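Reading the structure
So the chains spell out like this:
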Amino acid sequence: MVASSCYPETGPTIDRILDTLSDSHRREIIYYFETVADGPTATVEELVGRLEERASDRDRRELTTAVHHHHLPKLQSRGWLEFDRRSGTVRYEGHQSVAALLEELAAAFATER
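Next up on the list: the pattern of salt bridges. Enumeration over the complete set of coordinates arrives at six salt bridges. Residue Lys74 pairs with Asp19 through a salt bridge whose shortest N-O separation is 2.8 Å. Residue Lys74 is located in helix H5 (residues 60-77), and its partner Asp19 is located in helix H2 (residues 11-21); the two are separated by 55 residues in the primary sequence. When salt bridges with common partners are traced through the structure, they connect Asp19, Lys74 and Arg78 into a single cluster.

Below you can see the structure in the form of structure tokens.
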């Protein structure tokens, strides 16, 4: 079943959120800002260090490349954060409707059983 067929109004948004959250590195970056960071900004190096500690079996250079060229741009394109490549600074903005959409998604799966 496709989410957009269940919820025509919110299906595409749910699909984008699930795609964004489907990668453990992106989830860890969001978790870092939501629960660990002292504020809404961090450097790429801080984020890579956090990923290296918590959720990675990749070497640091490979992880830095993935964060810099894949994960942060995707989170930025989805409106979760602002990423300044020149300074290596990330400003977290969060996502205003993710909690409600994830609750709705959980409810939809609960009724499927």
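In a packed pair of helices, the relevant descriptors are the angle between the two axes and the axis-to-axis distance. Where helix H3 (residues 24-36) contacts helix H4 (residues 44-54), the axes come no closer than 10 Å and their chain directions differ by 110°. Considered as vectors, H3 and H4 are oriented roughly perpendicular to each other. In this structure, H3 contributes His25, Glu28, Ile29, Tyr31, Tyr32, Phe33 and Val36 to the contact, and H4 contributes Glu46, Leu47, Arg50, Leu51 and Arg54.

It is worth spelling out the pairing of strand S3 (residues 89-92) at this point. Taking every second residue as pointing to the same face, the buried face of S3 carries Val90 and Tyr92, while none of Thr89 and Arg91 on the other face is buried. Where strand S1 (residues 41-43) meets S3, three bridges bridge the pair, whose relative direction is antiparallel. Looking at the pairing, Thr43 lines up with Thr89 of S3. In the sheet, strand S2 (residues 81-84) pairs with S3 via four bridges, with the strands oriented antiparallel. Its bridge partner being in S3, Leu81 is matched across the sheet by Tyr92.

Looking now at the sheet that holds S2. The sheet built from three strands is open, its strands ordered S1-S3-S2 with antiparallel pairing. This sheet does not close on itself; its edge strands, each paired only once, are S1 and S2. When the angles between neighbouring strand axes are averaged without regard to direction, this sheet yields 20°. Helix-sheet contacts for H5 involve S2 and S3, and the interaxial angle to S2 is about 140°.

Among the nonpolar cores identified, the biggest contains 22 residues, and Ile29, Phe33, Leu47, Leu72 and Val90 are the most heavily contacted of them. Of all the elements in the fold, those that place two or more residues in this core are H2, H3, H4, H5, S2 and S3. Excluding its chain neighbours within four sequence positions, the residues that come into contact with Val90 are Phe33, Pro40, Thr41, Ala42, Val44, Leu47, Leu72, Leu81, Glu82 and Phe83.

Viewed as axis vectors pointing N to C, H4 and H5 meet at an angle of 120°, and their least axial separation amounts to 10 Å. In terms of axis orientation, H4 runs oblique to H5. In the packing of H4 onto H5, the handedness of the crossing is right-handed. Two secondary-structure elements touch here, H4 through Val44, Glu45, Leu47, Val48, Gly49, Leu51 and Glu52 and H5 through Arg60, Leu63, Thr64, Val67, His68 and Leu72. For the contact of H4 with H5, the per-class residue count stands at seven nonpolar, three polar and three charged.

How each quantity is defined
- Residues numbered from 1 in each chain as written.
- Predicted model: local features only at pLDDT ≥ 70, side-chain atom pairs only at ≥ 80, totals over all residues.
- Heavy atoms only, no water.
- Salt bridge = Lys/Arg side-chain N within 4 Å of Asp/Glu carboxyl O.
- Helix = DSSP H or I, 4+ residues; strand = E, 2+ residues; numbered from the N terminus.
- Axes fitted to C-alpha atoms, helices over the stretch in contact; angles between N-to-C directions.
- Parallel < 35°, antiparallel > 145°, perpendicular 65-115°, else oblique.
- Contact = heavy atoms within 4.5 Å.
- Buried < 20%, exposed > 50% of the residue type's maximum accessible area, 1.4 Å probe, protein only.
- Pairing = 2+ DSSP bridges.
- Core = buried A, V, L, I, M, F, W, Y, C linked by side-chain atoms within 4.5 Å.
- Left-handed = near helix turned anticlockwise from the far one by under 90°.
- Nonpolar A, V, L, I, M, F, W, Y, C, P; charged D, E, K, R; others polar.

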